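# Descriptive structure summary
Chain by chain, the residues:
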Amino acid sequence: MKTPYYVMDENVLLKRICDIKKIADGKWGLCYSIKANPFLVESLFETVDQLEVCSPGEMKICIDRKVPAFKILMSGVNKTVEDIQEAFDYGVRLFSFESIVHFERLQEVLKNSHEKVKAYIRLTSGNQFGMSVEDTEYLFEHPDPQIEIIGIHYFAGTQRKKSQHQISELEQLDAQLKLWEKKYRLSLALEYGPGLPVPLFVGDDFSEDLAPLKAIQDSLSSLKREVMVEMGRFMVYNCGSYYSQVQDIKKLNDSYVAILDGGIHHLNYYGQMMGMKVPLLESPQNEEMADYCLAGSLCTTADVLVRKVTLPKLKIGDVLVFHNCGAYGVTEGIGLFLSRKLPSVYKLSGNKLELLRDQEETYILNTRR
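Residues numbered from 1 in each chain as written. Predicted model: local features only at pLDDT ≥ 70, side-chain atom pairs only at ≥ 80, totals over all residues. Heavy atoms only, no water.

## Structural notes on the domain arrangement of the protein
Under the domain assignment, the protein is made up of domain 1 (10–235) and domain 2 (240–365). One C-alpha centre belongs to domain 1, the other to domain 2, and the line joining them spans 33 Å. In this complex, domain 1 contributes 17 residues to the contact, which on the side of domain 2 involves 21 residues. On the domain 1 side of the interface with domain 2, the three residues burying the most area are Phe39, Phe201 and Arg233, jointly 37% of the side's total. Lys347 is paired through a salt bridge with Glu10; the nearest N and O atoms lie 3.6 Å apart. (Domains from an automatic or database assignment. Contact = heavy atoms within 4.5 Å. Buried area = accessible area lost by both parts, 1.4 Å probe. Salt bridge = Lys/Arg side-chain N within 4 Å of Asp/Glu carboxyl O.)

Quick look at the structure:
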């Protein structure tokens, strides 16, 4: 196997889903936001209740991988009539609105059809996403017989470490939904993204990484309504590893710099700042230890994966393994920079290693065609 490459361990992934479902105990559904890692769609669509799709590209992935249309929630901040039409033609019948314009575009798609669809209104948390209370009430007051508004979609952010924030948020959301239910004689569900934190770096507590979900389980379970909990990072972060080989070693300023065949164009940890934090990683064993800066192959001073880490002494050809990059690691790097190849992606299922994507040239995307 030629480095650099990723391995997504389906065994680890499915165990985590099982553990999450045990906590849920059937009291709420589970939605996977596929932007966290689209390579895991096939591993998850039979296991979770719903998949959130946020772009036409993600919709095409679901179509290509034959995800059942009834499991898809078409979301996203920018949905054109063409995007909605493609999803509708595939069979998707569940959408979310980010604006009144989205509502009108769905109406445009439905005008030549007698079918009905269901929809969530995304309520803003104060950022650029979602709708105001006033716009939400406008849609309640101007219903369309082909569009059944079934609930509210709400997501405030990621890596939110204080569970009291989610607990208070759920109380406030439930109170608002009750007001709307009474005012408009509705029954409303909640599609909720708690943005739960996961441990990523040395010094974080890895002993109980399900604790953030357990801390809000009572609040989720006490809601007397249908609840779908949307997760991405929290669901898949620990199933992925990234393998990169040492290409060069040099001593600079009393410490060693190891140049890897990967870099920040392939690997991105949420909260990492110029390599100052140390992710969990493995290296070949050696009795002698040394301090290293682990840098990538890009011609920029920003390409530092780890600024300083003590490791068994390395040699050229050694392979380092970076763990806990199952979420966003494949997609958030600046993959086109310097026209280097994209890494291979493998899936480990049982004892079988399957190639999902071979290394891909990027120079063809960075030149005139």
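Read on, since the account is not over.
## Some points on the packing of helix α7 (residues 163–184) against helix α8 (residues 211–222)
With their axes 9 Å apart at the nearest point, α7 and α8 run at an angle of 5° to one another. Here α7 lies roughly parallel to α8, going by the angle between them. Contact with α7, carried on its side by Ser163, Gln166, Ile167 and Leu170, involves Ala215, Ile216, Ser219 and Leu220 of α8 and no other residues of that element. (Axes fitted to C-alpha atoms, helices over the stretch in contact; angles between N-to-C directions. Helix = DSSP H or I, 4+ residues; strand = E, 2+ residues; numbered from the N terminus. Parallel < 35°, antiparallel > 145°, perpendicular 65-115°, else oblique.)

## Details of the pattern of salt bridges
Taken as a whole and judged by the stated rule, the model has 21 salt bridges. Measuring nitrogen to oxygen at the nearest pair gives 3.0 Å for the salt bridge that ties Arg93 to Glu115. Note that Arg93 is positioned in the loop between α4 (81–90) and β5 (94–97) and Glu115 in the loop between α5 (100–110) and β6 (117–122), a separation of 22 residues in sequence. With relative accessibility at 38%, the residue Glu115 sits in the partly exposed group. One salt bridge in this structure joins Arg122 and Glu98, with 3.1 Å as the shortest N-O distance. Of this pair, Arg122 sits in strand β6 while Glu98 sits in the loop between β5 and α5, placing them 24 residues apart in sequence. With a relative accessible area of 6%, Glu98 lands in the buried category. (Buried < 20%, exposed > 50% of the residue type's maximum accessible area, 1.4 Å probe, protein only.)

## Observations regarding the packing of aromatic side chains
As enumerated under the stated definition, the model contains 9 aromatic pairs in all. With a centroid separation of 5.1 Å and 45° between ring planes, the pair formed by Tyr6 and Tyr242 is classed as tilted. Here Tyr6 is found in strand β1 (residues 5–9), whereas its partner Tyr242 is found in strand β10 (residues 240–252), with 236 residues between them in sequence. Here Tyr6 and Tyr242 have matching classes, each one buried. Every member of this aromatic cluster is reached through a ring pair, and the members are Tyr5, Tyr243 and Tyr346. When the ring centre of Phe234 is taken as origin, the NZ or CZ atom of Arg16, which lies over that ring, is 4.7 Å away. One cation-aromatic arrangement involves Arg93 over Phe88; the distance from NZ or CZ to the ring centre is 3.8 Å. (Phe/Tyr/Trp six-rings, centres within 6.5 Å; stacked < 30°, edge-to-face > 60°. Lys NZ or Arg CZ within 6 Å of the ring centre and 35° of its normal.)

## Concerning α8
Residues spaced three or four apart along an α-helix point in a common direction, a consequence of the helix completing one turn every 3.6 residues. The complete set of buried residues in α8 reads Pro212, Leu213, Ile216, Gln217, Ser219 and Leu220. The inward-facing, buried residues of α8 contact α1 (10–24), α7, β8 (189–193), β9 (227–231) and α9 (233–236).

## Considerations on the packing of helix α3 (residues 56–64) against α4
At a closest axis distance of 10 Å, the pairing of α3 and α4 adopts a crossing angle of 15°. Between α3 and α4, the angle falls in the class roughly parallel. The way α3 lies across α4 gives a crossing that is left-handed. Here Pro56, Met59, Lys60, Cys62 and Ile63 of α3 come into contact with α4, specifically with Asp83, Glu86, Ala87 and Tyr90. (Left-handed = near helix turned anticlockwise from the far one by under 90°.)

## Things to note about unusual backbone geometry
Note that the residue after Thr3, namely Pro4, is joined by a cis bond; omega there is -5°. With respect to the element layout, Pro4 can be found in the segment before β1. For Asn253, which is not glycine, the phi dihedral falls at a positive 55°. Relative to the elements of secondary structure, Asn253 occurs in the loop between β10 and β11 (255–260). Overall, the relative accessible area of 75% leaves Asn253 in the exposed class. Even without being glycine, Ser339 reaches a positive phi, approximately 60°.

## Considerations on a nonpolar patch on the surface
On the surface, a nonpolar cluster with roughly 380 Å² of combined accessible area is contributed by Leu336, Tyr363, Ile364 and Leu365. Turning to its location among the elements, Tyr363 is positioned in the segment after β17 (352–357). (Patch = residues over 30% accessible without salt bridge, like charges linked within 9 Å, V, L, I, M, F, W, Y side chains within 5 Å. Areas by Shrake-Rupley, 256 points an atom, 1.4 Å probe, with all protein chains shown as cover.)

## Quick notes on α5
Among all positions of α5, only His102, Phe103, Leu106, Val109 and Leu110 are buried. On an axial view of α5, the arc spanned by its buried residues comes to 115°, and they lie on one face. Of the surrounding secondary structure, the elements contacted by the buried residues of α5 are α4, β5, β6, α6 (133–141) and β7 (147–155). The N-terminus of α5 is capped by Ser99, whose side-chain oxygen sits 3.3 Å from the backbone nitrogen of Val101. (Arc of directions from axis to C-beta. Polar contact = N/O pair within 3.5 Å; in protein donor to acceptor, adjacent residues only side chain to side chain.)

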